[in-house]
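Architecture at a glance
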Amino acid sequence: MNKKGLKDYFEIQRPDGKTTWEYRGDYYCIQSENNTPIKRIKISFLVYSFLNVALLILEGFLDPGSLRRLYCIIPYLVVLFFSMRALVKAFGLYRTPDKMTYRQKEIQLSGLYISFRVLLVAIALLFTAQAVYMFIDAPKTKDFIALALSAVSAIVVYKNYKISKLHPCNKLPSIMQISAIQVQNDIDNG
């Protein structure tokens, strides 16, 4: 755990003599502009990530000629790796509570956002490489289907990225901040 995450945990001595750790740091929550339930946002991350992995695996099982070229297989493997990583992170985010600790936010949500950004670049490279293959070699029907699957996969990745931009993760006010605001309001109200 990094040092920023460690300072949020405090050792507590229980009455029975055992020692436990208590989290007293900031909490984070996915914000919704139009009152969309957080569970629904998490499910959409999970569904779109699963759909993207399924499209890429289907593209691999088609065995197009473009995936036999090094300039196509490297972007494909990068896209497949980060799609699997996004799926794992989306599943982990689905299992985390709505009110996340700093550590949970960094592991699940930040990792998911990074995967989306890398996927946007990698899927564009894959689509470009497959389009170049169409012009260089004699494409077959499988190659056109693979190109179409890459295009649909790019749309799915962009949709996931757009959802992550519409619903950012913000820090919730702590108890100390809320009580300070209440004291200030009491002083202002006289």
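Scroll up to find the structure.
About the thresholds
Residues numbered from 1 in each chain as written. Predicted model: local features only at pLDDT ≥ 70, side-chain atom pairs only at ≥ 80, totals over all residues. Heavy atoms only, no water. 1 Å grid on protein atoms, 1.4 Å probe; cavity = no way out; pocket = protein on both sides within 12 Å on 5 of 7 lines; lining within 4 Å. Points joined across faces, edges and corners; volume = space filled by probe spheres on them. Helix = DSSP H or I, 4+ residues; strand = E, 2+ residues; numbered from the N terminus. Axes fitted to C-alpha atoms, helices over the stretch in contact; angles between N-to-C directions. Parallel < 35°, antiparallel > 145°, perpendicular 65-115°, else oblique. Left-handed = near helix turned anticlockwise from the far one by under 90°. Contact = heavy atoms within 4.5 Å. Nonpolar A, V, L, I, M, F, W, Y, C, P; charged D, E, K, R; others polar. Expected span 1.5 Å × (residues − 1). Core = buried A, V, L, I, M, F, W, Y, C linked by side-chain atoms within 4.5 Å. Buried < 20%, exposed > 50% of the residue type's maximum accessible area, 1.4 Å probe, protein only.

**Notes on the layout of surface pockets**
Here the largest pocket defines a volume of roughly 220 Å³. Along its surface, the largest pocket is lined by Thr 36, Arg 40, Ile 41, Ser 44, Tyr 48, Lys 159, Lys 162, Ile 163, Leu 166 and His 167. Elements with a contribution of two residues or more to the lining of the largest pocket: α2 (38-62) and α5 (141-166).

**Side note on the packing of α2 against helix α4 (residues 102-136)**
Packing of α2 against α4 brings their axes to within 14 Å, and their N-to-C directions diverge by 30 degrees. With respect to each other, α2 and α4 are oriented roughly parallel. Between α2 and α4 the crossing geometry is left-handed. Counting all contacts with α2, which are made through Phe 45, Ser 49, Asn 52 and Glu 59, the residues of α4 involved are Leu 112, Tyr 113, Phe 116, Leu 119, Leu 126 and Gln 130. A per-class count over the contact of α2 with α4 returns six nonpolar, three polar and one charged.

**Here's the deal with α5**
For α5, spanning 26 residues, the distance from its first C-alpha to its last is 38 Å, which sits close to the expected 38 Å at 1.5 Å a residue. Of the surrounding elements, those touching the buried residues of α5 are α2 and α4.

**Some words on the nonpolar core**
With 31 residues, the main nonpolar core has Ile 30, Phe 45, Val 79, Leu 93, Leu 109 and Leu 112 as its most contacted residues. Per-element tally for this core: the top contributor is α4, with nine residues. Apart from residues lying up to four places away in sequence, Phe 45 is in contact with Ala 90, Leu 93, Leu 112, Tyr 113, Phe 116, Asn 160, Ile 163 and Ser 164.

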